[in-house]
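Observations on the three-dimensional arrangement
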Amino acid sequence: MIRNVLGSIVALLGAAAAVLSPFRDWYDGRLGRYYGVDDLFTGVTSAHPGVLGSILLPFLFAAVLAVVGVVLRFRPLVALAGVLVLGFTVLWMVRQGQAAGSLTVTGDGSGLQLGVAGAAGGGVLLLLGAALMSGRGRSRRLADRPDRHEQPYAAPGSADPDTWPPTREPGPSVQTSPWPEPEVDPYVGPGRGPSSPPGPPPGAPRDPDTEPTATYPVQDRPDESGRPPR
């Protein structure tokens, strides 16, 4: 957010400097708006074109691109505006150098003047503002991407069936066998000693026809007097 604000301010300052530069002296006391757009392609002449036919026109177009880019937070558009301003400034310097034989910078106002510096500085500020802006691509991706806490958790796989997100704490056991769980035989009476025939394995279904009958101790009956035997 701070980068966008700072970059927008720098870009707008650059656009303003580029638009105001044709109203200042460019070379040998001649205003920038006295140079026609066609002079940049055919050669500098002494004719004074209208305002919309002068070098002010491409600078106005670049300023509009910069403002639209700042409003939309679209960095390439701001950078394109800076390239246009610098490109037309350099092209003018080439044509002026061809017409005058050379470009000079003097203190008496007979060479390059502040209008050229304002145009070049405006183009540099536009490029700098585009570099400072963070753009809207990152914020849009963050807005389009759902929150990771809102995404449903996937079911646990077969390699880790006893845990469940998000805490990864042990959860209910998942039985992977189609057979019933084995049950332990609760009988611990006689007939289960070392000499007794082995019983069925735990968990196997019981067969009453083949299962050995348990033997229970039998007490002696009391005699006729009713006393228990000794």
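Data block above holds the structure.
The sections below set out a description of the structure shown in this document. (Residues numbered from 1 in each chain as written. Predicted model: local features only at pLDDT ≥ 70, side-chain atom pairs only at ≥ 80, totals over all residues. Heavy atoms only, no water.)

This part covers the overall build of the protein chain. Scanning the protein chain from N- to C-terminus turns up six helices and four strands. Secondary structure elements in the protein chain, listed N-terminal to C-terminal, are α-β-β-α-α-α-α-α-β-β. Relative to its full complement of 230 residues, the protein chain shows a buried share of 26%. Contacts in the protein chain between residues at least 24 apart in sequence constitute 59% of all its contacts with a sequence separation of at least 6. Total accessible area computed for the protein chain in this model is approximately 16,100 Å², and 62% of it derives from carbon and sulfur atoms. (Helix = DSSP H or I, 4+ residues; strand = E, 2+ residues; numbered from the N terminus. Buried < 20%, exposed > 50% of the residue type's maximum accessible area, 1.4 Å probe, protein only. Contact = heavy atoms within 4.5 Å. Areas by Shrake-Rupley, 256 points an atom, 1.4 Å probe, with all protein chains shown as cover.)

Counting through the fold element by element, R30 comes out in strand β2 (residues 30-31). Of the side chains with opposite charge, D39 comes closest to the buried, unpaired R30, at an N-O distance of 4.7 Å. Within polar-contact distance, the side chain of R30 engages the backbone oxygen of Y34 at 2.8 Å. Discounting residues that sit within four places of it in the chain, R30 has contacts with R24, D25, Y35, V44, T45, S46, A47, H48 and Q113. (Lys, Arg positive; Asp, Glu negative; His and termini not counted. Salt bridge = Lys/Arg side-chain N within 4 Å of Asp/Glu carboxyl O. Polar contact = N/O pair within 3.5 Å; in protein donor to acceptor, adjacent residues only side chain to side chain.)

The next point concerns a nonpolar patch on the surface. A cluster of nonpolar side chains, L12, V64, V67, V68, V71, L72 and F74, forms an exposed patch at the surface whose accessible area comes to about 590 Å². If you tally residues by element for the nonpolar patch, the top one is helix α3 (residues 56-72), at five residues. Along the chain, F74 turns up in the loop between α3 and α4 (75-100). Taking the relative accessible area as the measure of exposure, F74 reaches 37% and is therefore partly exposed. (Patch = residues over 30% accessible without salt bridge, like charges linked within 9 Å, V, L, I, M, F, W, Y side chains within 5 Å.)

What follows concerns the side chain of S8. Inspection of the secondary structure puts S8 in helix α1 (residues 2-20). In terms of polar contacts, S8 uses its side chain to reach the backbone carbonyl oxygen of N4, at 2.6 Å. In this view, S8 contacts V70 and M133; residues no more than four positions away in its chain are not counted.

Quick look at the packing of aromatic side chains now. Applying the stated criterion to the full structure yields three aromatic pairs. Between W26 and W92, the aromatic rings sit 4.9 Å apart at their centres with planes inclined by 85°, giving edge-to-face as the arrangement. In this pair, W26 is assigned in strand β1 (residues 25-27) and W92 in helix α4, connecting sequence segments 66 residues apart. W26 sits in the buried class, given a relative accessible area of 0%. Judged by centre distance (5.3 Å) and plane angle (85°), the ring pair of Y35 and W92 falls under edge-to-face. Taken together, the residues span a long stretch of sequence, with Y35 in the loop between β2 and α2 (39-42) and W92 in helix α4 at a distance of 57 residues. According to the relative accessible area criterion, Y35 is buried, its value standing at 2%. Ring-pair connections join several aromatic residues into one group, and the members of that group are W26, Y35, F59 and W92. Just above the ring of Y35 sits the side chain of R30; from NZ or CZ to the centre is 4.2 Å. (Phe/Tyr/Trp six-rings, centres within 6.5 Å; stacked < 30°, edge-to-face > 60°. Lys NZ or Arg CZ within 6 Å of the ring centre and 35° of its normal.)

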